[in-house]
Number of protein chains: 4
Amino acid sequence: MGSTFGHIFRVTTFGESHGNSIGCIIDGCPPNILIDSTQIEADLQRRRPGQSALTSPRKETDSFVIHSGILDGRTLGTAIAITIANKDSDPSAYKPFADKFRPSHADFTYQQKYGIRDWRGGGRASARETACRVAAGSIAKQVLAQTCGVEIIAWVNQVGEIAADIDHSTVSTKAVEQTPVRCPDLIVAKQMEELIKKVRTEKDTVGGVVSCLCKNVPAGLGEPVFDKLEADLAKAMLSLPACKGFEVGSGFAGTKMRGSQHNDPFVRVNNVVQTTSNFSGGIQGGISNGMPIYFSLAFKPVATIFQSQQTVNTQGESVTIQPKGRHDPCVLPRAVPIVEAMAALVLADHLLRQRSNTPWQL
Amino acid sequence: MGSTFGHIFRVTTFGESHGNSIGCIIDGCPPNILIDSTQIEADLQRRRPGQSALTSPRKETDSFVIHSGILDGRTLGTAIAITIANKDSDPSAYKPFADKFRPSHADFTYQQKYGIRDWRGGGRASARETACRVAAGSIAKQVLAQTCGVEIIAWVNQVGEIAADIDHSTVSTKAVEQTPVRCPDLIVAKQMEELIKKVRTEKDTVGGVVSCLCKNVPAGLGEPVFDKLEADLAKAMLSLPACKGFEVGSGFAGTKMRGSQHNDPFVRVNNVVQTTSNFSGGIQGGISNGMPIYFSLAFKPVATIFQSQQTVNTQGESVTIQPKGRHDPCVLPRAVPIVEAMAALVLADHLLRQRSNTPWQL
Amino acid sequence: MGSTFGHIFRVTTFGESHGNSIGCIIDGCPPNILIDSTQIEADLQRRRPGQSALTSPRKETDSFVIHSGILDGRTLGTAIAITIANKDSDPSAYKPFADKFRPSHADFTYQQKYGIRDWRGGGRASARETACRVAAGSIAKQVLAQTCGVEIIAWVNQVGEIAADIDHSTVSTKAVEQTPVRCPDLIVAKQMEELIKKVRTEKDTVGGVVSCLCKNVPAGLGEPVFDKLEADLAKAMLSLPACKGFEVGSGFAGTKMRGSQHNDPFVRVNNVVQTTSNFSGGIQGGISNGMPIYFSLAFKPVATIFQSQQTVNTQGESVTIQPKGRHDPCVLPRAVPIVEAMAALVLADHLLRQRSNTPWQL
Amino acid sequence: MGSTFGHIFRVTTFGESHGNSIGCIIDGCPPNILIDSTQIEADLQRRRPGQSALTSPRKETDSFVIHSGILDGRTLGTAIAITIANKDSDPSAYKPFADKFRPSHADFTYQQKYGIRDWRGGGRASARETACRVAAGSIAKQVLAQTCGVEIIAWVNQVGEIAADIDHSTVSTKAVEQTPVRCPDLIVAKQMEELIKKVRTEKDTVGGVVSCLCKNVPAGLGEPVFDKLEADLAKAMLSLPACKGFEVGSGFAGTKMRGSQHNDPFVRVNNVVQTTSNFSGGIQGGISNGMPIYFSLAFKPVATIFQSQQTVNTQGESVTIQPKGRHDPCVLPRAVPIVEAMAALVLADHLLRQRSNTPWQL
């Protein structure tokens with residue numbers, strides 16, 4: 001269980017890191033949407049390993065096949081299936097760890113849960129499965145853009161101790177894609193890049209923060225009580241490997257504010273009700289209010305470090321391991337398109353849910 | 001939609017703040033569990049308004065009726081329904097705001113979503129509905145305690161700028177309940193109390209952080225990919241009114257660490273595999289590893305302040321409002337049992353999900 | 001589990017036959033629908049026991065309370081809760097059977113499933129819970145009528161060996177309600193009535209068939225593959241106590257036809273595409289085609305007969321039982337509003353699902 | 001939507017009849033089950049076209065690829081993906097009908113629903129998608145057999161007017177597979193075969209009935225109220241293309257019985273509680289009682305007949321069509337493995353659901 005996300009725009013994924021292939025089925029995509037497969041390809045390229053000196057050297061072209069649900073470039077309203085072959089899989093590097101639990105990986109917990117596990121590079125727990133999310137999210141983005149003009153922009157806002165301060169009113173995907181580290185502030189980006197290279201040299205890894213901005217989201221998305229828009233965004237983000245935190249709008253900083261500072265006054269501008277500040281982050285009572293939605297995610301440092309570490313094996317004996325394989329010193333740059341994809345999946349699902357709720361013209 | 005939480009242990013709630021009553025149905029509770037209704041009552045007492053000088057003066061006894069699913073004190077395995085009457089409802093204070101959007105409340109978004117809204121004290125968006133969560137969560141707690149010995153302890157860790165530093169190995173519910181502010185550090189609790197009183201005097205409100213610790217959670221809870229344990233915890237917490245952030249284990253602080261610091265080495269102690277540190281927060285790869293689970297939530301300051309504020313009315317005209325009614329200057333103390341309840345709902349659901357997954361004795 | 005029906009228009013019920021009360025939550029009802037509670041009352045009256053000489057003498061007024069989701073007669077878009085008190089509950093008649101398995105009841109299976117059971121009149125397995133379905137279905141009917149003009153008419157088509165042949169083009173609710181047995185053919189109705197009375201005198205029970213016609217259902221409702229409209233109708237109907245069969249359109253009789261007879265030719269009449277015959281029963285490929293939908297359900301004879309019967313007790317010993325209590329000799333007349341309610345729940349859910357699918361005006 | 005079936009053992013399918021490929025993801029399969037892929041192959045062979053003179057001549061080897069979820073022949077507990085290529089797809093035969101609605105097909109309803117449709121051989125509505133159900137069902141069968149010894153046997157019980165009367169106590173898969181028509185009565189099978197050949201010669205088609213028997217199903221499967229075991233079986237079966245009816249146990253014939261005849265008395269035999277008759281069909285109150293479960297399904301005659309027919313085109317003009325392509329004169333023989341597969345999916349799902357319900361050993 002656990003491989004399905006969404007209530008109406010619903011994605012189900014499959015695949016182990018070193019299995020035959022990975023992929024997904026998207027059910028509930030509305031009909032007659034134009035799907036540009038070069039956009040899916042472009043998003044997958046932003047996520048794939050081997051794209052820059054900052055990422056894992058595993059070479060996956062991540063070329064994909066669409067099996068169903070689209071005819072002559074348009075969605076049919078039926079289930080869309082996408083597969084991505086695992087071409088550069090190499091389980092041999094993991095063979096020595098088949099009976100050992102790598103610290104802060106999912107080896108131990110999968111073994112406890114299932115009594116069996118795929119030791120080949122993390123198996124189902126590998127971040128390789130996020131390629132499927134990116135493919136599905138790219139379709140969701142196209143649905144959102146065509147029907148509502150929604151634009152989703154994520155970027156690396158912090159690496160280790162180095163943080164940027166990005167102006168939401170001017171940030172653009174173009175600015176994000178200018179640097180391999182995907183931080184739109186060129187000077188800070190350079191510092192982040194240096195830090196990642198230094199950490200790699202030290203055979204270590206480092207964490208950071210990705211921020212995301214969603215513009216032109218129509219008011220009214222999100223459901224009362226449990227399926228609040230921020231609740232589904234939080235779930236989406238915390239379902240990402242290595243994500244340890246989520247904050248929307250004023251987030252943790254807002255806990256130190258007074259209500260009189262934090263409240264967002266309503267005004268009417270050009271016949272549209274807006275707020276003059278946006279500490280709410282575009283969501284009030286779990287429902288979008290038409291203002292930009294923004295949130296941030298904490299990513300812990302990657303667990304695979306090329307250093308000697310203490311752990312136990314499946315017999316419970318103390319052992320020392322020295323991981324090999326192909327890994328990222330910092331997941332942040334590659335996380336950017338994944339965060340955008342998850343945001344798109346949440347928004348597309350709630351957009352379709354809201355269509356059911358819309359007051360009838362009686 | 002949106003009123004249901006959980007996949008197997010499933011809670012559905014109903015009710016507006018000033019309607020006839022509120023309540024819930026719990027479906028999927030396992031059979032033959034002893035339910036002590038005094039524990040439900042005790043949890044509701046911890047949440048109810050009017051319990052101390054720090055909370056809203058609305059007087060709700062929050063007495064509840066169990067309608068089904070329990071016979072002679074034991075669960076039948078069938079749906080359990082609970083209702084709580086709204087006894088001290090007083091919509092009159094809200095009448096002047098029936099056509100005005102209170103800033104940072106859900107008035108505007110509900111109107112946008114549905115084209116109609118219950119103006120009586122926030123209606124469905126009111127935090128009053130969390131009483132149902134507490135009742136359902138109290139049953140979930142009893143399931144968890146009886147079947148696995150799980151213990152859940154939440155506390156107020158920060159109010160405004162005042163933060164505590166609580167030792168997870170010694171914190172207890174008793175210590176939490178010692179002070180009206182529900183911070184187990186008596187000195188810090190006193191400071192928090194002063195701050196809340198000061199803020200109330202200033203007709204203002206203040207936010208803060210609740211932390212939560214879950215002990216004795218068996219290894220193996222949580223599902224791969226989307227339904228990771230921390231993802232469902234994040235969703236549960238961000239579904240709470242006023243919650244703007246969530247972090248588990250090392251959280252946002254962990255983003256500044258190196259992998260070599262952050263990894264939790266495995267050791268075997270008394271035949272049980274444990275980790276020597278717990279930056280993972282008891283969850284690895286989305287699945288519990290048997291170590292304590294801990295997380296924190298950010299709450300923004302309450303939106304209702306007894307000060308004059310600018311906003312617009314339903315005609316889009318600029319208006320000034322000066323809220324009345326009965327409100328908390330700080331939700332944190334009352335949020336503690338609610339956070340525990342939501343944690344219990346997530347854990348009970350995943351405990352039952354894991355029973356389906358358990359390897360068969362073939 | 002199992003107490004929830006529907007994907008968007010979603011009903012969750014609770015309640016045992018002799019517990020405190022029964023009820024339901026309807027989540028996902030669209031906003032701004034006028035709800036006439038006298039219609040709910042009328043539907044409940046058609047289902048309640050004690051309404052005629054043909055039914056159980058249990059006296060339940062089945063008066064109901066709406067707790068939430070409706071303000072000034074209009075739906076708010078939020079969860080609607082309804083409770084119905086059990087006023088004439090009398091578990092004493094069941095006490096002698098608390099440790100015995102009544103043949104063809106759910107006593108044995110609930111005991112096997114849960115290891116505990118509510119022996120008071122069938123508990124959760126009692127048909128008493130269908131009152132909640134009728135209340136929820138009455139709201140669904142009002143949604144369907146107001147938004148699309150859908151009309152749903154069910155009737156008793158067969159009791160024991162006595163069958164009617166009803167003209168779908170003229171049948172009306174008024175005609176159905178003319179007789180206590182709810183068969184719109186007066187002559188056949190009289191024969192059915194006699195049969196039921198005879199069977200009651202013989203301390204026996206008898207089964208039969210309910211047919212149902214849904215008019216003005218818009219084309220396009222139903223989803224490909226698993227959630228076909230007839231599949232959800234079948235599930236809805238087979239979830240009714242005592243229902244053992246379902247057929248839609250030509251049903252079992254159609255199995256003896258040739259394709260050349262069975263195919264429904266399309267024609268255009270007044271700018272609307274119709275079919276000249278309707279062996280499909282208004283559904284093709286799982287999706288409504290705009291023609292009337294019709295189907296039938298088989299009900300077995302009621303299991304409670306006032307005759308001596310062989311069975312075993314909870315110790316597995318052979319025992320003889322002679323049931324008492326208040327029971328119907330034939331459930332068919334009371335099943336009519338229940339069947340209509342379930343049809344309404346399916347159609348309302350699929351109507352809302354289809355709103356999400358509707359091609360966008362781009 | 002609509003492409004997912006099941007609550008815990010959950011199958012999601014994709015694919016159009018003449019697209020690139022079809023397939024499915026099975027999520028929630030328990031870990032450590034031995035999967036014999038030759039059994040999947042054997043079940044697919046029983047369903048595939050071109051297997052005998054009675055079926056469509058389309059030549060699909062239906063060779064499949066397992067992409068994930070299985071390692072060294074054992075399930076991992078993670079999502080299992082299977083794809084089946086469409087090798088002998090030939091949309092050209094359908095080109096002339098791209099703008100015409102074939103009678104009693106889903107052409108018109110898909111167009112109405114989505115405003116766009118895949119005209120290539122029925123697209124998503126084609127029975128080709130049932131190959132995915134057979135593959136998934138074959139895995140479900142293996143789960144059921146290994147964990148509980150469940151055996152599922154379906155057969156053709158009626159073709160047109162020719163019906164068999166099969167003894168449930170002796171019927172076997174071997175007997176079913178003896179004849180191409182899959183009726184275990186050799187004499188009746190021969191008559192059915194003649195009828196199908198005659199109908200084919202007449203360029204016509206014919207319907208029939210498939211019956212199914214499930215042995216060794218443990219008591220306790222099925223959930224109260226809406227998710228009764230027979231309700232989910234009914235949904236599963238009515239979701240099959242061309243299925244128009246379902247009956248379980250005594251079914252429609254039982255409507256003519258008296259309670260005194262229909263009730264199944266309990267007895268204890270070798271320490272197991274059984275019933276002396278089985279009109280209930282192994283299910284009471286929606287929950288299995290340990291007796292054999294049996295049910296039947298009505299299939300209408302195939303809609304594609306090679307005769308001239310009246311219909312309308314997408315402009316609403318009257319047109320005559322004369323279908324070509326490759327079609328079955330009678331779906332019944334190929335439906336047998338599909339019915340078994342759907343039964344297996346329902347039972348596997350409820351088996352896993354019941355594991356969550358099982359009373360705890362406290």
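Since the model is a prediction, treat every value here as computed from it, not as a measurement. (Residues numbered from 1 in each chain as written. Chains lettered and ligands numbered in written order. Predicted model: local features only at pLDDT ≥ 70, side-chain atom pairs only at ≥ 80, totals over all residues.)

Colleague: Is there a simple way to explain the overall build of chain A in this structure?
Modeller: From N to C terminus, chain A includes 8 helices and 18 strands. Taking 21 Å as the expected radius of gyration for a compact globule of 362 residues, we find that chain A reaches 21 Å, a close match to that expectation. C-alpha atoms of chain A, sized along the principal axes, occupy 65 × 50 × 35 Å. Contacts spanning at least 24 positions in sequence make up 70% of the contacts within chain A whose residues lie at least 6 apart. (Helix = DSSP H or I, 4+ residues; strand = E, 2+ residues; numbered from the N terminus. Rg over C-alpha atoms; globule rule 2.2 N^0.38 Å. Contact = placed C-beta atoms within 7 Å.)

Colleague: Just checking my understanding: could you explain the confidence of the model for chain A for this structure?
Modeller: Interpreting fine coordinate detail is not advised for predicted regions of low pLDDT. On average, residues of chain A score 95 in pLDDT, and 99% of them are at 70 or above. Confidence estimates for the predicted assembly give a pTM of 0.98 and an ipTM of 0.97. (pLDDT = per-residue confidence, 0-100.)

Colleague: I'm lost on the interface of chain D and chain A in this one. Help?
Modeller: Put simply, an interface is often sized by how much accessible area is lost when its parts join up. Counting residues at the interface gives 38 residues for chain D and 37 residues for chain A. Elements with a minimum of two residues in the side of chain D that touches chain A: strand E2 (10-14), strand E3 (21-27), strand E7 (80-85) and helix H2 (107-114) of chain D. If you tally residues by element for the side of chain D that touches chain A, the top one is E3 of chain D, at 4 residues. A breakdown of the residues in the side of chain D that touches chain A according to their chemical character gives 12 nonpolar, 19 polar and 7 charged. (Nonpolar A, V, L, I, M, F, W, Y, C, P; charged D, E, K, R; others polar.)

Colleague: Quick question: what am I supposed to make of the relation of the copies chain A and chain B here?
Modeller: Both copies of the chain are tied together by a single rotation about an axis and a shift running along it. It takes a turn of 180° to lay chain A on chain B, together with a shift of 0.0 Å along the axis; the resulting RMSD is 0.0 Å. Viewed as a symmetry operation, the transformation between the two copies matches a two-fold axis. Taken together, the interface assignments show that 100% of the residues at the interface of chain A recur at the interface of chain B, consistent with an identical surface on both copies. (Least-squares fit on C-alpha atoms with pLDDT ≥ 70 in both.)

Colleague: Looking at this structure, I do not really get the nonpolar core. What am I missing?
Modeller: Soluble globular proteins tend to pack their nonpolar side chains together in the buried interior. Val-210 and Leu-345 of chain A, Leu-345 of chain B, Val-210 and Leu-345 of chain C together with Leu-345 of chain D are the most contacted members of the largest nonpolar core, which totals 414 residues. Other than its neighbours up to four places away in sequence, Leu-345 of chain D contacts Phe-5, Gly-6, Phe-9, Val-11, Ala-136, Gly-137, Ala-140 and Ala-236 of chain D. (Core = buried A, V, L, I, M, F, W, Y, C linked by C-beta atoms within 7 Å. Buried ≥ 20, exposed ≤ 12 C-beta atoms within 10 Å, placed from the backbone.)

Colleague: Would you explain the sheet that holds strand E11 (residues 243-248) of chain B in this entry?
Modeller: The strands making up a sheet are joined through hydrogen bonds of the backbone, oriented either antiparallel or parallel. Spatially, E9(A)-E8(A)-E10(A)-E16(A)-E11(A)-E11(B)-E16(B)-E10(B)-E8(B)-E9(B) is the arrangement adopted by the 10 strands of the open sheet, whose pairing is antiparallel. Strands with a single pairing partner mark the edges of an open sheet, and in this sheet they are strand E9 (162-163) of chain A together with strand E9 (162-163) of chain B. Here 2 bridges tie strand E8 (residues 151-159) of chain A to E9 of chain A, and the two strands are oriented antiparallel to one another. Paired with Gln-158 of chain A across the two strands is Ala-163 of chain A, which belongs to E9 of chain A. Strands in contact with helix H6 (residues 229-238) of chain A are strand E11 (243-248) and strand E16 (293-299) of chain A together with E11 of chain B; relative to E11 of chain A, the strand with the most contacts, it is inclined by about 155°. (Pairing = 2+ DSSP bridges. Axes fitted to C-alpha atoms, helices over the stretch in contact; angles between N-to-C directions.)

Colleague: Honestly, the relation of the copies chain D and chain A in this entry has me stumped. Any pointers?
Modeller: Superposing chain D onto chain A takes a rotation of 180° plus a shift of 0.0 Å along the axis, which leaves an RMSD of 0.0 Å. Of the residues that chain D buries at the interface, 97% are likewise interface residues in chain A, meaning the two copies contact each other through the same surface.

Colleague: Would you take a moment to explain the environment of Met-291 of chain B for this structure?
Modeller: Residues and elements named next belong to chain B. Looking at the element boundaries, Met-291 is found in the loop between strand E15 (287-288) and strand E16 (293-299). Since 21 C-beta atoms lie within 10 Å of it, Met-291 is described here as buried. Note: C-alpha distance between Met-291 and Ile-84 (207 residues apart in sequence) is 36 Å. Contact partners of Met-291, with chain neighbours within four places excluded, come to Gln-274, Thr-275, Asn-278 and Gly-282.

Colleague: Just checking my understanding: could you explain the interface of chain A and chain B for this structure?
Modeller: Chain A puts 94 residues into the contact, and the matching count from chain B is 94 residues. For the side of chain A that touches chain B, the residue count by class is 36 nonpolar, 39 polar and 19 charged. Pairing of E11 of chain A with E11 of chain B, which is carried by 3 bridges, proceeds in the antiparallel orientation. Each bridged residue has a counterpart across the sheet, and for Gly-245 of chain A the counterpart in E11 of chain B is Glu-247 of chain B.

Colleague: Is there a simple way to explain the sheet that holds strand E4 (residues 64-66) of chain B in this structure?
Modeller: Residue and element names in this part refer to chain B. Ordered in space as E1-E2-E3-E7-E4, the 5 strands form an open sheet in which the pairing is antiparallel. Pairing within the sheet leaves two strands with one partner each, and these edge strands are strand E1 (4-5) and E4. Pairing analysis gives 6 bridges linking strand E3 (residues 21-27) to strand E7 (residues 80-85), with the strands arranged antiparallel. Within E7, the residue paired with Ile-25 across the bridge is Ala-81. Contacting strand E2 (10-14), E3, E4 and E7, helix H3 (residues 130-148) runs over the sheet at an angle of about 30° to E3.

Colleague: Got a minute to help me understand the packing of helix H1 (residues 37-47) of chain A against helix H8 (residues 332-357) of chain A in this structure?
Modeller: Residue and element names in this part refer to chain A. In contact at an axis separation of 6 Å, H1 and H8 are set at 135° when each is read in the N-to-C sense. The angle between H1 and H8 falls in the class oblique. Of the residues in H8, those touching H1 at Asp-43, Arg-46 and Arg-47 are Arg-334, Val-336, Pro-337, Ile-338 and Ala-341. For the contact of H1 with H8, the per-class residue count stands at 4 nonpolar, no polar and 4 charged. (Parallel < 35°, antiparallel > 145°, perpendicular 65-115°, else oblique.)

Colleague: It is not clear to me how the pairing of strand E13 (residues 272-275) of chain D should be interpreted in this structure. Could you clarify?
Modeller: Look at any regular strand and the pattern is simple: side chains alternate between the two faces of the sheet. Residue and element names in this part refer to chain D. The alternating pattern of E13 places Val-273 and Thr-275 on a buried face and Val-272 and Gln-274 on a face that is not buried. Direction of pairing for strand E12 (residues 266-269) relative to E13: antiparallel, over a ladder of 4 bridges. Its bridge partner lying in E13, Val-269 is registered against Val-272. The turn joining E12 and E13, which pair antiparallel and follow one another in sequence, is formed by 2 residues; a positive phi near 50° is taken by Asn-270.

Colleague: Is there a simple way to think about helix H3 (residues 130-148) of chain A in this case?
Modeller: Counting along an α-helix, one turn takes 3.6 residues, and residues three or four places apart therefore face a common direction. In this model H3 of chain A runs 26 Å from its N-terminal to its C-terminal C-alpha over 19 residues, within 8% of the 27 Å that 1.5 Å per residue would give. Gly-149 of chain A, located one to two residues past H3 of chain A, shows a positive phi value of around 70°. (Expected span 1.5 Å × (residues − 1).)

Colleague: For this particular structure, what's the right way to read the pairing of E8 of chain A?
Modeller: Residues and elements named next belong to chain A. Summarising burial for E8: 8 of the 9 residues are buried, a large majority. One ladder, built from 8 bridges, connects E8 with strand E10 (residues 208-215); its direction is antiparallel. What sits directly across from Val-159, in E10, is Gly-208. Connecting E8 to the antiparallel partner E9 that follows it, the hairpin turn spans 2 residues, and Gly-160 within it adopts a positive phi of roughly 55°.

Colleague: In this structure, what is going on with H1 of chain A? I would like to understand it.
Modeller: Residue and element names in this part refer to chain A. Among all positions of H1, only Ile-40, Asp-43, Leu-44, Arg-46 and Arg-47 are buried. End-on, the buried residues of H1 take up no more than an arc of 155°, which puts them together on one face. Buried residues along H1 sit in contact with strand E4 (64-66), H3 and H8. (Arc of directions from axis to C-beta.)

Colleague: Honestly, the environment of Phe-252 of chain A in this entry has me stumped. Any pointers?
Modeller: Tracing the chain through its elements places Phe-252 of chain A in the loop between E11 and helix H7 (259-262). C-beta crowding within 10 Å serves as the criterion here: with 22 such atoms nearby, Phe-252 of chain A is assigned to the buried category.

Colleague: Got a minute to help me understand unusual backbone geometry in this structure?
Modeller: Excluding glycine, most residues fall at negative phi; most peptide bonds, likewise, are trans. In this model, Ala-242 of chain A sits at a positive phi of 80°, which is unusual for a non-glycine residue. Unlike most non-glycine residues, Asn-270 of chain D shows phi in positive territory, near 50°. Within the secondary structure, Asn-270 of chain D sits in the loop between E12 and E13. We classify Asn-270 of chain D as exposed; it has 5 C-beta atoms within 10 Å.

Colleague: For this particular structure, what's the right way to read the environment of Ile-305 of chain B?
Modeller: Structurally, Ile-305 of chain B is set in the loop between E16 and strand E17 (309-312). Through-space distance from the C-alpha of Ile-305 of chain B to that of Pro-323 of chain B is 6.7 Å; in sequence the pair is 18 residues apart. Not counting the four nearest positions on each side in its chain, Ile-305 of chain B is found in contact with Gly-259, Ser-260 and Asn-263 of chain A together with Lys-203, Asp-204, Thr-205 and Pro-323 of chain B.

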